[in-house]
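So the chains spell out like this:
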Amino acid sequence: MTTFHLTSFGCRASQADGAALKRQLAEAGFVEAADFAESEVAVLNTCTVTATADAEVRQVIRRIHRQNPRCRIVVTGCYAQRAPQEIAALDGVAWVLGNSHKHRVAEVLKAGVLGAEVLPGPSSSLPDEPGTGSDDPGRAPGQVSGRVMVGEITSEFHFAPAFPDDRTRPTLKVQDGCDARCA
């Protein structure tokens, strides 16, 4: 069984998405590890509200890759949506999934872990042959090493968990909007 460790950066909306991602990964058969050092997959659910937030994510990516070079790093969230190529160029990053593809993390990981071909959505970008970070002797510094899946955020993106995570109340993500007429 493949182990994962997930960390969410930023606001409550990001925390709610992180809880939904964690549940999605568990339901797909992945097992949560206590930390990145013990995990085969690291999922970073990012924020990009400031340059400091971006720098923190890059620092965590470098730390994970240094401490656990075999760990496959998946970066998703707002920073991944805004600057996918910048993130994909970092050593150790295997996949960059913008908010447009965040809801497909378990599907992408399952396909990647099993060695199957990942089928991107119609508006996504997916390089043919990703490198594996600094272990890839054919990759020049700054060259993209991770697969990138980023596109327009559509109604398919509605990714609001309807369950509480480790809090006493669930977070209602009004920023994603809602096309349900429940009121």
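Rules of the game
- Residues numbered from 1 in each chain as written.
- Predicted model: local features only at pLDDT ≥ 70, side-chain atom pairs only at ≥ 80, totals over all residues.
- Heavy atoms only, no water.
- Helix = DSSP H or I, 4+ residues; strand = E, 2+ residues; numbered from the N terminus.
- Buried < 20%, exposed > 50% of the residue type's maximum accessible area, 1.4 Å probe, protein only.
- Polar contact = N/O pair within 3.5 Å; in protein donor to acceptor, adjacent residues only side chain to side chain.
- Contact = heavy atoms within 4.5 Å.
- Pairing = 2+ DSSP bridges.
- Axes fitted to C-alpha atoms, helices over the stretch in contact; angles between N-to-C directions.
- Right-handed = clockwise from strand over helix to strand, strands pointing away.
- Core = buried A, V, L, I, M, F, W, Y, C linked by side-chain atoms within 4.5 Å.
- Expected span 1.5 Å × (residues − 1).
- Arc of directions from axis to C-beta.

1. Looking at the side chain of His101
Next up, step 1: Assignment of secondary structure puts His101 in the loop between β5 (93-98) and α5 (105-114).
Next up, step 2: Note on His101: relative accessible area 4%, which makes it buried.
Next up, step 3: One polar contact links His101 to Ser100, side chain to side chain, over a distance of 2.8 Å.

2. What to know about the environment of Gly10
Next up, step 1: Counting through the fold element by element, Gly10 comes out in the loop between β1 (3-8) and α1 (12-27).
Next up, step 2: The sequence separation of Gly10 and Thr48 amounts to 38 residues, and the corresponding C-alpha distance is 8.1 Å.
Next up, step 3: Discounting chain neighbours no more than four positions away, the residues touching Gly10 are Gln15 and Cys47.

3. A short note on the sheet that holds strand β3 (residues 41-46)
Next up, step 1: Pairing in this open sheet of six strands is parallel, and the strands run β2-β1-β3-β4-β5-β6 from one edge to the other. The sheet is open, and its two borders are formed by β2 (31-32) and β6 (147-149), each paired with just one other strand.
Next up, step 2: Examined bridge by bridge, β5 and β6 share three bridges and lie parallel to one another. Its bridge partner lying in β6, Trp95 is registered against Arg147.
Next up, step 3: Contacts from α1 reach β1, β2, β3 and β4 (72-77) within the one sheet, and its direction differs from that of β1 by about 170°.
Next up, step 4: Against the sheet, helix α2 (residues 51-67) engages β3, β4 and β5, with an angle of about 175° to β3.

4. What to know about the pairing of β3
Next up, step 1: With six of its six residues buried, β3 lies for the most part within the structure.
Next up, step 2: Here β3 shows no split at all, with Val41, Val43 and Asn45 on one side and Ala42, Leu44 and Thr46 on the other all buried.
Next up, step 3: Sheet topology places β1 next to β3; five bridges connect them, and they run parallel. Each bridged residue has a counterpart across the sheet, and for Phe4 the counterpart in β3 is Val41.
Next up, step 4: Summarising the sheet, β3 and β4 pair through six bridges and their orientation is parallel. Residue pairing in the sheet places Val43 in a bridge with Val74 of β4.
Next up, step 5: Of the crossover connections in this fold, the one passing from β3 over α2 to the parallel β4 is right-handed.

5. Focus on the nonpolar core
Next up, step 1: One finds Leu44, Ile61, Ile64, Val75 and Ile87 to be the most contacted residues of the largest nonpolar core, which totals 22 residues.
Next up, step 2: Elements that contribute at least two residues to this core include exactly β3, α2, β4, α3 (78-82), α4 (84-88) and β5.
Next up, step 3: Examining the composition of this core, we find that four residues originate from one element, α2, more than from any other.
Next up, step 4: In this structure Ile87 touches Ile61, Val75, Tyr79, Ala80, Val93 and Val96, once residues within four positions along its chain are discounted.
Next up, step 5: Listed in part, the 17 residues of the second largest apolar core include Val105, Ala106, Val108 and Leu109.

6. Describing α2
Next up, step 1: Taking 1.5 Å per residue, 17 residues should reach 24 Å; α2 reaches 24 Å between its end C-alpha atoms and fits that length.
Next up, step 2: All of the buried residues along α2 are Ala53, Asp54, Val57, Val60, Ile61, Ile64 and His65. In an axial view of α2, the angular spread of the buried residues amounts to 130°, which keeps them on one side of the axis. Of the residues in α2, the exposed ones pointing more than 90 degrees away from the buried face are Ala51, Thr52, Arg66 and Gln67.
Next up, step 3: Where α2 is buried, its residues contact β3, β4, α3, α4 and β5.

7. Some thoughts on α1
For an α-helix the count is 3.6 residues per turn, leaving residues at separations of three or four pointing the same way.
Next up, step 1: The end-to-end C-alpha separation of α1 is 23 Å, in line with the 22 Å expected for 16 residues at 1.5 Å each.
Next up, step 2: Those residues of α1 that sit buried are Ala13, Ser14, Ala16, Asp17, Gly18, Ala19, Ala20, Leu21, Gln24 and Leu25.
Next up, step 3: Once α1 finishes, Gly29 follows within two positions and takes phi at roughly 100°, a positive value.

Interpretation note: all reported values are geometric properties and have no functional meaning in isolation.
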